[in-house]
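In case you want the letters, here they are:
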Amino acid sequence: MGRPAFLVLGSTGGVGRHVVAGLTAAGERVRAFTRDPARARFEGPVEVFGGDLKDSGAVLDALRDVDGVFMATSPDALEHELIVAEAVRERGIGRVVKLSSVAANPPVSDSYGRAHAASEEAFAESGAELTALRPAGFATNVLQWRRSIASQGKVFQPYGDVARAVIDPADVAACAVACLTGGGHGGRSYQLTGPEALTAPELTARLGTALGRRLEFVGVDPAQAREGMTRAGMPPDLVDGLLASMAEPGPLRGGVPQPDAERLLGRPPATFDTWLARHLDEFRDQTP
């Protein structure tokens, strides 16, 4: 297969798997890093590399002979990405595209945003050309509503009045592929949004229409949401940062659609309804 051109970290995630597919479709050679190689079922000639991002030796091995890196994110983003950034520096990698967040836009006001900003800084200081992709939120986040929709016909969420221009993760991945394979993106950060800003009640209504049933949106007190998220095992600092980001309606926090995704894609990003049409069976398949 020859020398891999790109290493994709987080290759089985909601964005990373699309990055692998996009790069292979473009004829690029790809090495896919994953903690669980059994989940790594890719189309095309992809080299699967099993390892843990906490293992600096494994990261260094995975970076051997590659030209560029896609860095997905995770709840342990800062801890892992600092390890990767140091390995990028040691290997002299030329290009990194990092999946970040609009929470990293200044002024950074919460722990979630601070972690992403610190990671961006570490990659920028590694010597690689860094491109930061800052999505406002993913259309796939509504999949977390499936159980309550199936059992109660209801959607529960705090900050229901805050509009977000959510984006299809496949479009984020296509932006990443464009930045990895094209020139002129080093040192840039891109605000990635979908084409329309929708509140949670509006998303609920769109879901109900598509499913042919009436759904009810129920606003949740942020303190109750925090309790539920931490009880589910999410780190408290991450929960606090996510809730703070959800409460921020500013234009560069996803409250207003931005043009960056369309410029990178060469076409308008997918609407929420377009994304939903492809994923509707994932809501229908739920049983109470």
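See the structure shown above.
Residues numbered from 1 in each chain as written. Predicted model: local features only at pLDDT ≥ 70, side-chain atom pairs only at ≥ 80, totals over all residues. Heavy atoms only, no water.

*Asks:* Would you mind showing me how to read the nonpolar core here?
*Replies:* In summary, soluble globular proteins display a tendency toward joint burial of nonpolar side chains. Formed by 28 residues in total, the largest nonpolar core has its most connected members in Val-19, Leu-23, Phe-70 and Leu-192. Listed by contribution, the elements that provide at least two residues to this core are strand 1 (6-9), helix 1 (16-25), strand 2 (30-34), strand 5 (95-99), helix 6 (169-181), strand 8 (188-192) and helix 10 (260-265). For this core, the leading source of residues is helix 6, giving seven residues. Ignoring sequence-local partners within four residues, the contact set of Leu-23 consists of Phe-6, Val-8, Glu-28, Val-30, Val-177, Leu-180 and Thr-181. (Core = buried A, V, L, I, M, F, W, Y, C linked by side-chain atoms within 4.5 Å. Buried < 20%, exposed > 50% of the residue type's maximum accessible area, 1.4 Å probe, protein only. Helix = DSSP H or I, 4+ residues; strand = E, 2+ residues; numbered from the N terminus. Contact = heavy atoms within 4.5 Å.)

*Asks:* In this structure, what is going on with the pairing of strand 5? I would like to understand it.
*Replies:* Every regular strand shows the same layout, with side chains that alternate between the two sheet faces. Most of strand 5 is tucked away: four of the five residues are buried. With four bridges connecting them, strand 4 (residues 68-71) and strand 5 associate as parallel partners. Within the sheet, the bridge partner assigned to Met-71 lies in strand 5 and is Lys-98. Handedness of the strand 5-helix 4 (residues 111-124)-strand 6 (residues 129-135) crossover: right-handed. (Pairing = 2+ DSSP bridges. Right-handed = clockwise from strand over helix to strand, strands pointing away.)

*Asks:* It is not clear to me how the sheet that holds strand 6 should be interpreted in this structure. Could you clarify?
*Replies:* By way of backbone hydrogen bonds, the strands of a sheet pair with one another, either parallel or antiparallel. A sheet is described by the order of its strands in space; here seven strands give the open sequence 3-2-1-4-5-6-8, paired in parallel fashion. Every interior strand has two partners, whereas the edge strands, strand 3 (46-50) and strand 8, have only one. Put simply, the sheet's adjacent strands are angled 15° from each other on average, direction ignored. Judged from the five bridges that link them, strand 2 and strand 3 form a sheet pairing that is parallel. Residue pairing across strands places Phe-33 opposite Phe-49, the latter belonging to strand 3. Contacting strand 1, strand 2, strand 3 and strand 4, helix 1 runs over the sheet at an angle of about 160° to strand 1. Set on the sheet, helix 6 makes contact with strand 1, strand 4, strand 5, strand 6 and strand 8; between it and strand 5 the angle comes to about 165°. (Axes fitted to C-alpha atoms, helices over the stretch in contact; angles between N-to-C directions.)

*Asks:* Could you clarify how one ought to interpret the packing of helix 3 (residues 77-91) against helix 4 in this entry?
*Replies:* Between two packed helices, what matters for the description is the angle formed by their axes and the separation of those axes. For the pair helix 3 and helix 4, interaxial distance at closest approach is 9 Å and the crossing angle is 5°. The orientation of helix 3 with respect to helix 4, classified from their angle, is roughly parallel. Between helix 3 and helix 4, the residues in contact are Leu-78, Glu-81, Leu-82, Val-84, Ala-85 and Val-88 and Ala-115, Ala-118, Ser-119, Ala-122 and Phe-123, respectively. Taken together, the residues that form the contact of helix 3 with helix 4 break down as nine nonpolar, one polar and one charged. (Parallel < 35°, antiparallel > 145°, perpendicular 65-115°, else oblique. Nonpolar A, V, L, I, M, F, W, Y, C, P; charged D, E, K, R; others polar.)

*Asks:* What's the story with helix 7 (residues 200-211) in this structure? I'm lost.
*Replies:* For an α-helix the count is 3.6 residues per turn, leaving residues at separations of three or four pointing the same way. Taking 1.5 Å of rise per residue, the 12 residues of helix 7 would be expected to cover 16 Å, and the 16 Å separating its terminal C-alpha atoms lies within 8% of that figure. Where helix 7 is buried, its residues meet helix 5 (146-152), strand 7 (154-157), strand 9 (216-219) and helix 11 (272-284). Residue Gly-212 follows helix 7 closely and has a positive phi angle near 70°. (Expected span 1.5 Å × (residues − 1).)

*Asks:* Would you explain the pattern of salt bridges in this entry?
*Replies:* Pairs can form between side chains of opposite charge whenever their charged atoms are close. Enumeration over the complete set of coordinates arrives at 15 salt bridges. Between Glu-81 and Lys-98 there is a salt bridge; the shortest N-O distance is 2.7 Å. With Glu-81 in helix 3 and Lys-98 in strand 5, this pair connects stretches of sequence that are 17 residues apart. Take Glu-81: its relative accessible area is 1%, and that puts it in the buried class. Overall, Lys-98 belongs to the buried group, its relative accessible area being 0%. Notably, a salt bridge pairs Arg-89 with Glu-86, separated by 2.4 Å at the nearest N-O pair. Here Glu-86 and Arg-89 lie together in helix 3, a separation of three residues that amounts to about one turn. Overall, Arg-89 belongs to the partly exposed group, its relative accessible area being 43%. Taking the relative accessible area as the measure of exposure, Glu-86 reaches 33% and is therefore partly exposed. Connected through salt bridges with shared partners, the residues Glu-196, Arg-206 and Asp-273 form a single ionic network. (Salt bridge = Lys/Arg side-chain N within 4 Å of Asp/Glu carboxyl O.)

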